[in-house]
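Each chain, letter by letter, is given below.
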Amino acid sequence: MLWMNAKRLMRAGFMNFYRNGFVSLAAVLVMTVTLFCIGGVVFLSATLTSTLEAVKNKVDVNVYFQTRAVEEEVLALAESLRALPEVKDVEYISREQALLNFKKRHENDELTLQALKELPDNPLGAILNIRALEPSQYEGIAEFLKGDNALARDQKPLIDEINYYDNKAAIDRLTHIIDSAKTLGFGLIILLVILSVIISFNTIRLALYIAREEIGVMRLVGASNTYIRGPFVVTGILYGLSAALLTLILFYPLTFYLADSTENFLSGLNLFEYYLGNFGLFFVIIAGGGIILGAVSSFWAVRRYLHI
Amino acid sequence: MIHFDKVSKIYSDNSTALDDVSFSISPKEFVSVVGHSGAGKTTLLRMILAEEWPTSGTVFFQERDVHALKRHRLHEYRRKIGTIFQDVRLLPNKTAYENIAFAMEVAGRTDDEIASDVPYALELVNLADKMLNFPRELSGGEKQRVAIARAIVNQPDIIIADEPTANLDPINTQEIVKILKKINDLGTTVMLTTHNKGVIDSLGRRVITLDRGRIIRDDPKGKYSL
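What counts, and where the lines are drawn
- Residues numbered from 1 in each chain as written.
- Chains lettered and ligands numbered in written order.
- Predicted model: local features only at pLDDT ≥ 70, side-chain atom pairs only at ≥ 80, totals over all residues.
- Heavy atoms only, no water.
- Helix = DSSP H or I, 4+ residues; strand = E, 2+ residues; numbered from the N terminus.
- Buried < 20%, exposed > 50% of the residue type's maximum accessible area, 1.4 Å probe, protein only.
- Contact = heavy atoms within 4.5 Å.
- Areas by Shrake-Rupley, 256 points an atom, 1.4 Å probe, with all protein chains shown as cover.
- Pairing = 2+ DSSP bridges.
- Polar contact = N/O pair within 3.5 Å; in protein donor to acceptor, adjacent residues only side chain to side chain.
- Axes fitted to C-alpha atoms, helices over the stretch in contact; angles between N-to-C directions.
- Core = buried A, V, L, I, M, F, W, Y, C linked by side-chain atoms within 4.5 Å.
- Patch = residues over 30% accessible without salt bridge, like charges linked within 9 Å, V, L, I, M, F, W, Y side chains within 5 Å.
- Salt bridge = Lys/Arg side-chain N within 4 Å of Asp/Glu carboxyl O.
- Arc of directions from axis to C-beta.
- Parallel < 35°, antiparallel > 145°, perpendicular 65-115°, else oblique.
- Nonpolar A, V, L, I, M, F, W, Y, C, P; charged D, E, K, R; others polar.

1. Here's the deal with the overall build of chain B
For chain B, the count of helices and strands is seven helices and ten strands. For chain B, the proportion of its 226 residues judged to be buried stands at 54%. Restricting the contact set of chain B to residue pairs at least 6 apart, pairs at least 24 apart contribute 67%. Working note: accessible area of chain B is about 10100 Å², and carbon and sulfur atoms make up 48% of it.

In C-alpha cells form, the structure reads like this:
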C-alpha cells in the first residue's frame, strides 16, 4: 500500500514535470540563478579566507636581542614562546645569519659594507620572528615578552627592541579590516541567499498557481492532502535537481575562464582547481540546497491552495 | 440517505442563497432540482459536498452531520459522492484514462482494479476508443462523459450532477441523460440540477423546484414548470 502510493506519487511528479515543460523550464532557470548565488558565496568565502590568510601571514613581530644575549637563552625563549597557544610559529635567526642577511641586502652598498668591516665584532643581535594565529594576539605576545624574567641578565634587559610597538597602529588597523571584511561578507552572503530563496519560492508558487484549479478538482475527487501534495513536492525536487546539475555544469567553464585572472589578482587561489578539488562539497551544497529549496517551496505553496 | 433539516445560507443581508430548506432523498432515487439562476441550486449541492457551511440548520448524509466531519476526514467522505460539473473539471494534463484512474488511485485502489475498472467505466459512457486522448482533444460532450465515468468508477453512493448538460447540444444532452438514467437503474442515487425543460419532462422522475432559496414545489413525478 505504502509502496504503491509512493510509486504513484513519484510517477505523477515526473509527469507534472515534463508535461508542463515550459513552466518547469522557467522554474529551473530561476532556481539555477539561486543556486548560482549560493555557489558563488562558497567561492567568495574561499577567496576571502585565502586572501585574509595570505595577508595575515605577512604580519609578524620581530624581537631583536642585544649582542650579548647567548644563543641558548634565545632558543629557550623561543621554546617558551612556542608553548603559547596564540603562537603559530617562531623563526630563529642567529647573529651570524643576521649578518649574512644584512650583507646580502646591502651587497651593492660599498659604503655600508666598508663601515661594517671597520667594526671589531658582529654588531647584530639574534632575531626571533614570531607569527601569531590571529593578528589581535600580537599585543598579548608582546606583553609576554616584556614581562618575562629570562630576558634579563645582571638587571639589564637582553631584548634590544620589539618592533610590535612600531607596527602597532598598522596591525590594529589590519585586525580591524579583517574583522569588518568578515562581518560584511557574512552579512552580504546571508542577504543574497535570502533574496534568491524568496525569488525561487515565488516562482514555484506561481508554477503551482497555474495548478490551483487542478488541486480543487483533486480535492473534489476525494484525494487526501498528502496525495495532492506529494506529486508537487516530487516536481519541486526535480526542479531543484535539474537546476543543481545545470549550475554544477556551468561552474566548470566559468571557473576555468576566471582561474588565471583570479590567481594573479588574489593571493594565488586558483578557482578552477579549488572547484575541482572541492567538487564533493559543491555537489552536496548545491544539489542539497536545490532539493531542499524545491521540496519546501512546493510543500508550502500547495499548502496555500489546500485551504480553499 | 440525504436529509436537509431547516438549512439556511445567508451570504449577506440582501443575499440569501437558501432559506429554511428541508427535504429528504431516499436511496436509489433520481431527483432533479430545478430553478432560475441564483435560486440556490448550486449552493444546495455544495452543501452536500461540505464545500459550503450552512448559516443555520443541518445536512445529514446517511444519518451523519456532514458539517461536523473533521477537515482531514473530508476527503474520505467525498469519495462516497461522485460529482459532475457544468464545466467538467477534468485534469488537463492527464488523458481520459488517467483522469479516471486518478479518482481510483486516490481512493487507494490497486493497479489491477484500476486496469480492469477504468475501461469498463469508459465503455459505459461509450468512450472506449478515446481513452488515450487528453481533454483538449475531446468534444464538450465527450469531456462530460469522461467526467461521468470518473464520477461512477468508485461506485459512489450518490451521483451529484450540477447542470451537466448546460453547455451541450440536444443530442449530447440526451446522451448524457440516458447515461445518468442507466447509472440510476444500476442502483446509484442520482441528484441532478438543470434548467433544461426537455430533460426534466423526458425523465418523469421526482422534481424539486427552488425559487429564491425556498422549495416551492416537490413533485414525485414532476414536470418542468416555473
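2. Considering the pairing of strand 9 (residues 206-211) of chain B
Residues and elements named next belong to chain B. The buried fraction of strand 9 is high, at five of six residues. Judged from the four bridges that link them, strand 3 (residues 30-34) and strand 9 form a sheet pairing that is parallel. Looking across to strand 9, one finds that V33 is bridged to I208. With five bridges joining them, strand 9 and strand 10 (residues 214-219) adopt antiparallel strand pairing. Paired with T209 across the two strands is R217, which belongs to strand 10. Turn length for the strand 9-strand 10 hairpin, with the two strands adjacent in sequence and antiparallel, is two residues, and the turn residue R212 shows positive phi of about 45 degrees.

3. Observations concerning the side chain of R95 of chain A
Residues and elements named next belong to chain A. Relative to the assigned elements, R95 resides in helix 4 (residues 95-105). In this structure the side chain of R95 is engaged in a polar contact, spanning 2.6 Å, whose partner is the backbone oxygen of N122. Apart from the residues lying within four places of it in its own chain, the contact partners of R95 are T67, D121, N122, L124, G125 and A126.

4. Structural notes on unusual backbone geometry
All names here are of chain B. You will see that K6, though not glycine, has its phi angle at about 50 degrees, which is positive. Mapped onto the elements, K6 comes out in strand 1 (residues 2-12). Positive phi values are uncommon outside glycine, yet R212 reaches one of about 45 degrees. Considering the arrangement of structural elements, one finds R212 in the loop between strand 9 and strand 10.

5. Concerning the sheet that holds strand 6 (residues 159-162) of chain A
Across a sheet, paired strands are connected by hydrogen bonds in the backbone, their directions being either parallel or antiparallel. All names here are of chain A. If you trace the four strands from one edge of the open sheet to the other, you get 2-3-1-6, paired in antiparallel fashion. Of all strands in the sheet, those with a lone pairing partner are strand 2 (87-93) and strand 6, marking the two edges. On average, each strand axis in the sheet is tilted by 20 degrees relative to the strand beside it, whichever way the strands run. Both strand 2 and strand 3 (residues 127-132) contribute to a ladder of six bridges, which runs antiparallel. Paired with V87 across the bridge in strand 3 is A132. Seen against the sheet, helix 3 (residues 71-82) touches strand 1 (61-65), strand 2 and strand 3 and runs at an angle of roughly 170 degrees to strand 2.

6. Here we look at the nonpolar core
Residues and elements named next belong to chain B. The biggest cluster of nonpolar side chains holds 52 residues, and the ones touching the most others in it are I159 and L180. Setting aside anything within four residues of it in sequence, one finds L180 in contact with F30, I84, I159, P164, V190 and L192. With 31 residues, the next largest nonpolar core counts A39, V59, V66 and I158 among its residues.

7. Here's the deal with a nonpolar patch on the surface
Residue and element names in this part refer to chain A. Taken together, the side chains of F22, L25, L29, L246 and L250 present a nonpolar region at the surface, about 500 Å² in accessible area. Among the elements of the structure, helix 2 (21-58) and helix 9 (225-265) are those that each provide at least two residues to the nonpolar patch. At three residues, helix 2 tops the list of elements feeding residues into the nonpolar patch. For L29, the location among the structural elements is in helix 2. A relative accessible area of 45% places L29 in the partly exposed class.

8. Some points on the pairing of strand 4 (residues 56-61) of chain B
Residues and elements named next belong to chain B. Here five bridges tie strand 1 to strand 4, and the two strands are oriented antiparallel to one another. Among the inter-strand pairings, S8 is bridged to a residue of strand 4, identified as S56. Examined bridge by bridge, strand 4 and strand 5 (residues 64-65) share two bridges and lie antiparallel to one another. From the neighbouring strand, F61 faces strand 5, where its bridge partner is R64. Hairpin connection of strand 4 to strand 5: two residues between the antiparallel strands, including Q62 at a positive phi of 45 degrees.

9. Examining helix 6 (residues 138-147) of chain A
Residues spaced three or four apart along an α-helix face the same direction, because each turn holds 3.6 residues. Listing the buried residues of helix 6 of chain A in full gives Y138, I141, A142 and L145 of chain A. Looking straight down helix 6 of chain A, one finds that the buried residues subtend no more than 100 degrees of arc, so they occupy a single side.

10. Quick notes on the packing of helix 5 (residues 140-152) of chain B against helix 6 (residues 170-185) of chain B
Residue and element names in this part refer to chain B. Relative orientation of the contacting elements helix 5 and helix 6 amounts to 10 degrees, with a least axis distance of 10 Å. For the element pair helix 5 / helix 6, the angle class is roughly parallel. Counting all contacts with helix 5, which are made through G141, Q144, R145, I148 and I152, the residues of helix 6 involved are N172, E175, I176, I179 and I183. The residue makeup of the contact of helix 5 with helix 6, split by class, is five nonpolar, three polar and two charged.

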